[in-house]
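# What the coordinates show
Spelled out, the chains give:
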Amino acid sequence: MDTKLRNSRDFKFDLIFAFVIFAFLIVVSVTYTAIYIFSDLTTKEFKEKIKLIANNTYINYKNKEKTIEKTLEALTSNDIFNSTFNVNDLVIKSLFKTMLVSNSDLKEINFYNKSGRLVFSCGKYRNEIFCLAKNLTLKLEDFDIDKVLIKEKLNKKGIEFIAISPLKTKNNGFLEVKADFVFPKKLNTFYDLIIINNKGDIFYSSIKNYYVKNIFDLYNYLLANKILKTNEGFVSDDIYVKSFSKTIKFIFLQNKNVIAKTDTASQKMAFILLIISIVIAIPLGVFFSKPLYTFYEELDKRVKKEIEKRRKKEEILAHQSKLAALGEMLGNIAHQWRHPLTRLSLLIQNLEMAYKMNKLDENRFNNFKENAIYQINYMSQTIDDFTNFFKKDTKKIEFCPKDIINEALKLLEARIKQNGVEIVLDIKKIEPIYGYKTEFSQVILNIINNAIDVLKERNIENKKIFIRIDGKKIEIEDNAGGIPENIKDKIFEPYFTTKFQSQGTGIGLYMSKVIITEHFNGKLYAYNSQNGAVFVIEV
C-alpha cells in the first residue's frame with residue numbers, strides 16, 4: 001500500500017499551529033478557572049456570612065419578643081392594675097405614654113376589662129402618642145387566660161408581635177402590648193431576603209419589583225417544597241433557610257446582581273487576556289517550535305533515508321525473488337521436457353536402426369515425423385505456458401483464484417507426478433480477487449513448491465497437498481508434520497531457509513507476504529494442523 005510522506009514544512013506549520021492553540025487553551029482555561037474560583041469564593045463567602053447574618057437577625061427577633069414579654073410583665077405587675085380601687089384613666093394614660101416613649105420597639109398598649117371589652121388604648125402614630133377608647137372586644141376563647149400569649153402576625157411591612165396577659169388580679173382584666181419587627185427595604189448588597197409563612201405565602205421581599213405571591217411561583221415544586229420543610233440550612237448553594245417560629249420562615253438569597261456584575265467584569269478581563277494571549281502566543285509558538293522543527297527535520301531526513309534503504313533492499317530482494325522464480329521455472333520446464341526428450345531420443349534411435357537394417361520406408365519415416373512434431377509441439381506449449389504464467393502485469397484486474405491454482409498445478413504437473421504427490425482440491429465458494437494476477441500466481445506457485453519440497457525432504461510415504469478455496473480465503477496444507485516451533489516465527493523473514501544453500505534462497509515466503517500484505521491489502525500467515533503446515537491467504 002503506497003503512502004505519501006509529508007514534507008518537513010508541513011511539520012513546521014503543525015508545530016507553530018499546535019503551540020498557538022496550546023497557548024490559547026492555557027490562557028482560556030486559566031482565565032475561566034479564575035472566574036470559576038472567584039464565583040466559588042463568592043459562594044463560599046455567602047455561605048459563611050449568611051449564617052452569621054441569619055443568626056444575628058434571629059437574635060434580634062427573639063430580643064424583640066423578650067422585650068415585649070418583659071414590658072408586659074412589668075405592666076401586669078404594676079400596683080395600678082392590682083389595686084382593689086378603681087383605676088384612674090389619667091394614671092393609666094400617663095403610665096402607657098411613659099412605656100411607649102421609653103421603649104421604641106413598642107407601638108401600642110391596650111387595657112381590657114375582665115369581660116374582654118377594651119377600656120383604654122394608647123399607641124404611636126408618626127412619632128406621636130395618642131390615647132383613646134376603642135370599641136373592641138377580646139375573644140377570650142382564643143387563648144389561655146392563665147398564661148401570657150405572644151402571637152406573630154405577618155404583614156407587608158414586617159412582623160407584628162402581639163402579647164396578651166391577664167393581670168395578677170384576674171378580676172381587673174387584661175393587658176395587650178403590640179410591637180413591630182420592621183425590615184428595611186435592603187438589608188445588605190450581599191444578599192436578598194424573603195419572608196414566608198408556613199403555607200409558602202410571601203409577605204416580604206427586599207428585591208425590587210417583586211410581585212410573586214407564593215414560593216411555589218418562584219421555584220419549582222421540589223425546591224419550593226424543600227424550602228418549606230427545612231427548618232434551618234442551605235437548600236442550595238445560594239439559598240439559606242431559617243425558621244423564626246412555627247409560622248414564619250426567612251429565606252436568604254445570594255444577590256444575583258452582584259454576582260452578575262462580577263461575572264461581567266471577569267468576562268471582560270478574560271476577553272482582554274485572550275487578545276493578549278493571541279498576540280503573545282504566536283511569537284512564542286514560533287520561538288519554541290524552532291528546536292522541535294529542527295528535530296523533526298532531521299528525523300524526516302533519517303526516515304526518508306531509511307525508506308530509501310528499504311526500497312533498495314526490497315528491489316534487490318524482488319530481483320533475487322525473480323531470479324529464484326526463474327530458476328524454479330527452468331527447473332519445472334526441465335521436469336516437463338524430460339519425458340518428451342526421452343521420447344524424441346527413442347524415436348531417433350528407432351529411425352537409425354531402421355536405416356541400418358534397410359527397413360526405413362516412407363510409412364515408417366512419416367510415423368517418425370508425426371511423433372517427433374507432437375513431442376516438439378508439447379515442449380513449445382510448455383514454454384508458452386510458463387511464459388504466460390510469469391508475464392508481468394501492468395494493471396490490476398479481477399481474476400478467479402481457482403484458475404490461478406489450476407494453472408499452477410498444470411505447470412507443476414511433472415514435478416507432482418515425479419514426487420508422487422496427491423493434490424486434494426476442495427472448493428466451497430469462489431469470489432473474484434482484484435489485483436495483479438502474476439504476483440498472486442507467484443505466491444501460489446511458491447507455497448505449493450515449498451510443500452512439495454518439505455514432503456520430499458521428510459520422505460513422507462503418502463504425500464498429500466490439500467488446497468481449499470472459500471471465497472477470497474485460500475488454504476494450502478501439507479501432511480509433512482508441520483513447522484517446528486523454534487522456527488515458526490522466522491519463516492517469513494528474508495533470507496531465512498531450512499534448505500541447503502544450493503536449494504533455497506530464503507526470500508520466497510518473505511516476498512509472498514510482501515505481495516499479499518502490501519499489494520492486496522490482505523494477510524498471509526501459517527499455523528500447524530494435525531496433518532502439517534497450513535498456509536492461509538486472505539485478501
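Residues numbered from 1 in each chain as written. Predicted model: local features only at pLDDT ≥ 70, side-chain atom pairs only at ≥ 80, totals over all residues. Heavy atoms only, no water.

## Focus on the packing of aromatic side chains
The cut-off we apply is this: Two rings from Phe, Tyr or Trp (for Trp, the six-membered ring) form a pair when their centres sit within 6.5 Å of each other. Planes less than 30 degrees apart are called stacked, planes more than 60 degrees apart edge-to-face, and all others tilted. The way it works is that DSSP assigns letters per residue, a run of H or I at least four long becomes a helix, a run of E at least two long becomes a strand, and they are numbered from the N terminus. Any residue under 20% of the maximum accessible area for its type is buried, any over 50% is exposed, and the rest in between are partly exposed; the area is computed with a 1.4 Å probe on protein chains only. Two thresholds decide whether a charge sits over a ring: the Lys NZ or Arg CZ must be within 6 Å of the ring centre and within 35 degrees of the ring normal.
Overall, the coordinates contain twelve aromatic pairs when judged by the stated rule. Taken together, a centroid distance of 5.4 Å and an interplanar angle of 50 degrees make the contact between F399 and F440 tilted. On the criterion of sequence distance, the pair formed by F399 in strand β12 (residues 397-399) and F440 in helix α10 (residues 437-457) is long-range, its members being 41 residues apart. With relative accessibility at 6%, the residue F399 sits in the buried group. Sitting above the plane of the F492 ring, K513 keeps its charged end 4.8 Å from the centroid.

## With respect to a nonpolar patch on the surface
The following threshold applies: Candidates for patches are residues over 30% relative accessible area with no salt bridge; among them, like charges are joined within 9 Å and nonpolar side chains (Val, Leu, Ile, Met, Phe, Trp, Tyr) within 5 Å. Per-residue and other accessible areas were derived by the Shrake-Rupley procedure at a 1.4 Å probe size, with only the shown protein chains allowed to occlude residues. What counts as a salt bridge is simple: a side-chain nitrogen of Lys or Arg found within 4 Å of a carboxyl oxygen of Asp or Glu.
A grouping of Y125, F130 and L132 is seen on the molecular surface, where their side chains present a nonpolar patch of about 330 Å² in accessible area. Relative to the helices and strands, L132 is located in strand β3 (residues 128-132).

## A word on the pairing of strand β7 (residues 191-196)
The condition that has to hold: The rule for pairing is simple: two strands pair if DSSP sees at least two bridges between them.
Counting buried residues along β7, six of its six residues qualify, which places the element largely inside the surrounding structure. Alternating positions in β7 separate into two faces, Y191, L193 and I195 on one and D192, I194 and I196 on the other, with burial throughout. Of the pairings in the sheet, the one linking β7 to strand β11 (residues 249-254) comprises six bridges and is antiparallel in character. Bridging across to β11, I196 finds its partner in K249. Pairing analysis gives three bridges linking β7 to strand β8 (residues 202-205), with the strands arranged antiparallel. By the bridge assignment, I195 is partnered in β8 with Y204. As consecutive antiparallel partners, β7 and β8 are separated by five residues, and within that stretch G200 has a phi angle of approximately 95 degrees, a positive value.

## Description of the sheet that holds strand β18 (residues 533-538)
Test applied: Here an angle of 0 to 180 degrees is reported between the N-to-C directions of two axes, which are lines fitted to C-alpha atoms, with helices fitted over the stretch in contact. Any two residues whose heavy atoms approach within 4.5 Å at even a single point are treated as in contact.
The sheet built from five strands is open, its strands ordered β13-β15-β16-β18-β17 with mixed pairing. In this open sheet, the two edge strands, each paired with only one partner strand, are β13 (422-430) and β17 (523-528). Ignoring which end each strand starts from, the neighbouring axes of this sheet average 15 degrees apart. Two strands pair when backbone bridges link them, and β17 and β18 are joined in this way by six bridges, in the antiparallel orientation. The residue bridging A526 from the neighbouring strand is F535, located in β18. Sheet strands in contact with α10 are β15 (464-471), β16 (473-478), β17 and β18, and its direction is about 20 degrees off that of β16. Sheet strands in contact with helix α11 (residues 508-519) are β17 and β18, and its direction is about 130 degrees off that of β17.

## Things to note about the state of the cysteines
Such a bond, covalent and formed between the sulfur atoms of two cysteines, is termed a disulfide. Basically, it comes down to this: Defined by distance alone, a disulfide is two cysteine sulfur atoms within 2.5 Å.
The tally for this structure, following the rule as stated, stands at one disulfide. The side chain of C122 participates in a disulfide bridge whose partner is C131; the two sulfur atoms lie 1.9 Å from each other. Handedness here is read from the sign of the S-S torsion; for C122 and C131, about 115 degrees, the answer is right-handed. Accessibility classification places C122 together with C131 in one group, the buried group.

## A word on the packing of α10 against α11
Quick note on the threshold: By the definition used in this description, the sense in which the near helix is turned from the far one sets the handedness, with an anticlockwise turn below a right angle giving left-handed and a clockwise turn giving right-handed. Each residue gets one label: Ala, Val, Leu, Ile, Met, Phe, Trp, Tyr, Cys and Pro are nonpolar, Asp, Glu, Lys and Arg are charged, and the others, such as Gly, are polar.
Following both chains from N to C, one finds α10 and α11 inclined at 145 degrees, their axes separated by 10 Å at the closest point. Remark: the crossing between α10 and α11 carries left-handed chirality. When α10 is examined against α11, the residues E439, F440, Q442, V443, N446 and N450 are found in contact with a partner set consisting of G508, L509, S512, I515, I516 and H519. Taken together, the residues of the contact of α10 with α11 sort by class into five nonpolar, six polar and one charged.

## A closer look at the sheet that holds β11
Each strand in a sheet pairs with another by means of backbone hydrogen bonds, the pair being arranged parallel or else antiparallel. One open sheet holds the five strands; their spatial order is β8-β7-β11-β10-β9, and the pairing between them is antiparallel. The open sheet is flanked by β8 and β9 (232-236), the only strands paired with a single partner. Ignoring strand direction, the axes of neighbouring strands in this sheet form an average angle of 20 degrees. In this fold helix α5 (residues 221-229) packs onto β7, β9, β10 (239-243) and β11, with an angle of close to 130 degrees to the strand it touches most, β11.

Remember, this is a structural readout, not a statement about activity or role.
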